[in-house]
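Here is how the chains run, residue by residue.
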Amino acid sequence: MAIKFKGVDYIEFDAMLNDDERLVRDTARKFIEDNLIPIIEECNRAGRFPRELVKPMAEMGFFGASLKGYGCAGMSNVEYGLVTQELERGDSGVRSFVSVQSALVMYPIYAFGSEEQKQTWLPAMQQGEKLGCFGLTEPDFGSNPGGMRTRARKVGNEYVLNGEKMWITSGSIADIAVIWAKVENEDNKVRGFLVETDRKGFKAEDIHGKWSLRASVTSGLSLQDVHVPESNLLPGSNGLKSPLMCLNQARYGISWGAIGAAMSCYDCALQYSLLRKQFRDQPIASHQMVQEKLAWMITEITKAQLLCLQVGKLKDQGKAEHYHISMAKRNNVWMALECARLSRDILGANGVADDYPIMRHMMNLESVKTYEGTQDIHTLIIGSRITGIDAF
Amino acid sequence: MKILVCMKQVPQKDAPLKLNETATWIREDVSYEVNEPDAYALEEALRQKEKHGGEVVVITSGPARAQQVLREALAKGADRAIHLEDNAFVGLDAFNTARAFAAAIKDEQFDLIFTGLQSDDYGYAQVGVILAELLGWPHATIIMQIEKTDAGIKVKRELEAGFFQFVDMPLPAVLTIQSGINKLRYATLIGIKNAKNKPLRKVALADVQSAIGNNLQMIEKLYIPQKTKNTEFIEGPPAEVAKKLVEKLRNELRVL
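Residues numbered from 1 in each chain as written. Chains lettered and ligands numbered in written order. Predicted model: local features only at pLDDT ≥ 70, side-chain atom pairs only at ≥ 80, totals over all residues. Heavy atoms only, no water.

Engineer: What is the right way to look at the sheet that holds strand 1 (residues 2-6) of chain B in this model?
Structural biologist: Backbone hydrogen bonds are what pair the strands of a sheet, in a parallel or an antiparallel way. Residues and elements named next belong to chain B. Here 9 strands make up an open sheet; going across it, the order is 9-8-7-10-6-1-4-5-11 and the pairing mixed. Strands with a single pairing partner mark the edges of an open sheet, and in this sheet they are strand 9 (164-170) and strand 11 (200-204). Pairs of neighbouring strands in the sheet enclose a mean axial angle of 35°, with direction left out of account. Of the strands in this sheet, strand 1, strand 4 (55-62), strand 6 (112-116), strand 7 (139-148) and strand 10 (173-177) are in contact with helix 1 (residues 36-52), which crosses strand 6 at around 150°. Along the sheet face, helix 2 (residues 67-76) touches strand 4, strand 5 (80-85) and strand 11 and points at about 175° away from the line of strand 5. (Pairing = 2+ DSSP bridges. Helix = DSSP H or I, 4+ residues; strand = E, 2+ residues; numbered from the N terminus. Axes fitted to C-alpha atoms, helices over the stretch in contact; angles between N-to-C directions. Contact = heavy atoms within 4.5 Å.)

In structure tokens:
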């Protein structure tokens, strides 16, 4: 029994959005409803990335939506956030793909790249003709990227890269990889390189057996003496703060995305609870313990919306700090995961089956809780901000 | 071809509706959307423009909120918009709406005017037809296909029971477009951005006041259908009971 998403708005949140923001949200919602919802459960079962949606999503302007020029839509941060919300209402894996393409590959090229690099890659990536991946995390370095072992050595007018990257979204389908490496000739400073994935010595192997983000590709990358011309260095990249700036972009999108996943679970549970009858032929929505769960969820979703809207407004004013975004990411992903678990409770055994989206969201959100700064790391970022003491 | 598309903002399809205090219409605090039949009319206009060039202009009447319909149309590719902006337009009947539109476009030269087949709220299916009459133009309803010819256009109308009618028409003309005849495009993010810079002309109630008069059609009362349960015992000899029962099932309940 399919339950059609009805939207979630408890405190007239929509009235806080302007006409364009609502239109962007509604358009993205309709696109996801028409194109992703009908196929997502099959993709999730098969562990298949819906590649057929790349072109349509590009035509919608989803890739690099918040960048200006190069064919990009130049959305405000709130508009961009609402798009990721709707994408993740569909599926976290598909939203992850868009986040990586936009925030982790197009953004660093836009922010740190040369004009030539921008011209080469941004329009093609906006069009979905070229796909990208972002190589920061390594098998032994996740929360502590500064410990990375990947090295670049300058030899003549080339750089030679060696290292391993792990948990890389879109790794094996990417045309271009943004690889972060310590440059040996520059005091091991972390810098970004554009590595075309067909270069000799570059290998991407998919990670199989994932119970999460099954509709997106996750790979390990291996670079063995990969030669790139020096023009492939991102000239504006300068130390570890550069990849962290990219993560900030992506984390911001995730904090909106998590609201989408939570809305999907909550709306499904609410509608189900009104249909499902138990005890004296009454809908389970009439039970206090079900109402408590629903009330908790709508309250948390509403708080999460307000948090995101404020961070988005700060971001538009250039005032959003990484610790603001950490709070939004940390709170909203946790809130979404709790909503998924409560919603699964409300659906009982039915919550386990993929006739409903809840279990898929729950499994996806386990990854979302961990990637782009784990729950715990974001706790420490907030802690560092308020005490002035790093506890990493 | 220069095409005008008449559009309307209507309450969202699955929005829970509440009656207003006078029970003559619904309360304003619902979510609104583009009248779906009008979305098909716009899509057809955009496709005609892509084939033959020209301009697509969209027009609506209603309060400030109705502008959303025009914005969406501009984002999808319409070139400019006309907004008859006033709360009073919500209560106009089809005749007066058509008169207001005719007055608002009196200085324009359109080749075609499209409307959706009907609105999802009032459902009159009249504005297009009356507008044609006011302008002195020919019209055709329930259009499924439009081809440009040397003399004008050839249109395909949907009749009942699977029959179609093909009509040659001169231009200018008014067509009411059947829903589902094309696949609606999305407003892209770039389209939404670009729409900001497209012209939107506002027309006040006072500008068209002299063209409109009292409504000819009025809603006196709206009410939520009452659900009633009624148990009736039919008594008498079995043969008579059976006969009465069949009669009731056939004539009153119409289930046989």
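Engineer: What should I look at first to understand the interface of chain A and chain B in this one?
Structural biologist: By a widespread convention, an interface's size corresponds to the accessible area lost as its parts come together. Listed as interface residues are 23 residues of chain A and, on the opposing side, 12 residues of chain B. When the two sides are added together, the surface that chain A and chain B hide from each other amounts to roughly 1500 Å², 62% of it contributed by carbon and sulfur. Three residues stand out in chain A for area buried against chain B, namely A:Asp20, A:Leu23 and A:Met60, and they jointly supply 37% of the buried area on that side. Applying the counting criterion to the chain A and chain B interface returns 2 salt bridges. Note that A:Glu79 and B:Lys193 form a salt bridge whose closest N and O atoms lie 3.1 Å from each other. Viewed at the interface, chain B and chain A are joined by 6 residue pairs in polar contact (both at pLDDT 80 or more). Elements that contribute at least two residues to the side of chain A that touches chain B include exactly helix 1 (19-35), helix 3 (54-60), strand 2 (72-73) and helix 4 (77-90) of chain A. (Buried area = accessible area lost by both parts, 1.4 Å probe. Salt bridge = Lys/Arg side-chain N within 4 Å of Asp/Glu carboxyl O. Polar contact = N/O pair within 3.5 Å; in protein donor to acceptor, adjacent residues only side chain to side chain.)

Engineer: Even after reading the chapter, I still don't get a nonpolar patch on the surface, so can you show me in this structure?
Structural biologist: Nonpolar side chains collect at one region of the surface, where A:Tyr10, A:Ile11, A:Met16 and A:Leu306 lie side by side and expose about 390 Å² of accessible area between them. Checked against the element boundaries, A:Tyr10 lands in the segment before helix 1. (Patch = residues over 30% accessible without salt bridge, like charges linked within 9 Å, V, L, I, M, F, W, Y side chains within 5 Å. Areas by Shrake-Rupley, 256 points an atom, 1.4 Å probe, with all protein chains shown as cover.)

Engineer: Teacher, can you tell me more about the nonpolar core here?
Structural biologist: Soluble globular proteins tend to pack their nonpolar side chains together in the buried interior. Core analysis: the largest hydrophobic core is formed by 139 residues, its most contacted members being A:Met57, A:Phe62, B:Val5, B:Phe114 and B:Leu175. Aside from chain neighbours lying at most four places away, what touches B:Phe114 is B:Ile3, B:Leu4, B:Val5, B:Cys6, B:Ala41, B:Glu44, B:Ala45, B:Gln48, B:Ile146, B:Leu175 and B:Ile177. Counting residues in each nonpolar core, the second largest holds 27 residues, with B:Cys6, B:Phe101, B:Ile105 and B:Val203 among its members. (Core = buried A, V, L, I, M, F, W, Y, C linked by side-chain atoms within 4.5 Å. Buried < 20%, exposed > 50% of the residue type's maximum accessible area, 1.4 Å probe, protein only.)

Engineer: Sorry if this is basic, but what is going on with the packing of aromatic side chains here?
Structural biologist: Each aromatic ring pair is characterised by the separation of its centres together with the angle its planes make. Applying the stated rule across the entire model yields 13 aromatic pairs over all chains. When the ring of A:Phe31 is compared with that of A:Phe62, the centres are 5.4 Å apart and the planes differ by 85°; the resulting orientation is edge-to-face. Taken together, the residues span a long stretch of sequence, with A:Phe31 in helix 1 and A:Phe62 in the loop between helix 3 and strand 1 (68-69) at a distance of 31 residues. For A:Phe31, a relative accessible area of 2% puts it in the buried group. Here A:Phe62 falls in the buried class, since its relative accessible area comes to 1%. Ring centres of A:Phe31 and B:Tyr186 lie 5.4 Å apart, and the angle between their planes is 65°; this geometry places the pair in the edge-to-face category. Of this pair, A:Phe31 sits in helix 1 while B:Tyr186 is found in the loop between strand 10 and helix 5 (189-195), placing the two residues in two different chains. As far as burial versus exposure is concerned, A:Phe31 and B:Tyr186 are alike and both buried. Through successive ring pairs, a cluster of aromatic residues spans A:Tyr107, A:Phe112, A:Phe134 and A:Trp180. (Phe/Tyr/Trp six-rings, centres within 6.5 Å; stacked < 30°, edge-to-face > 60°.)

Spatial relationships are all this shows, so hold off on functional conclusions.
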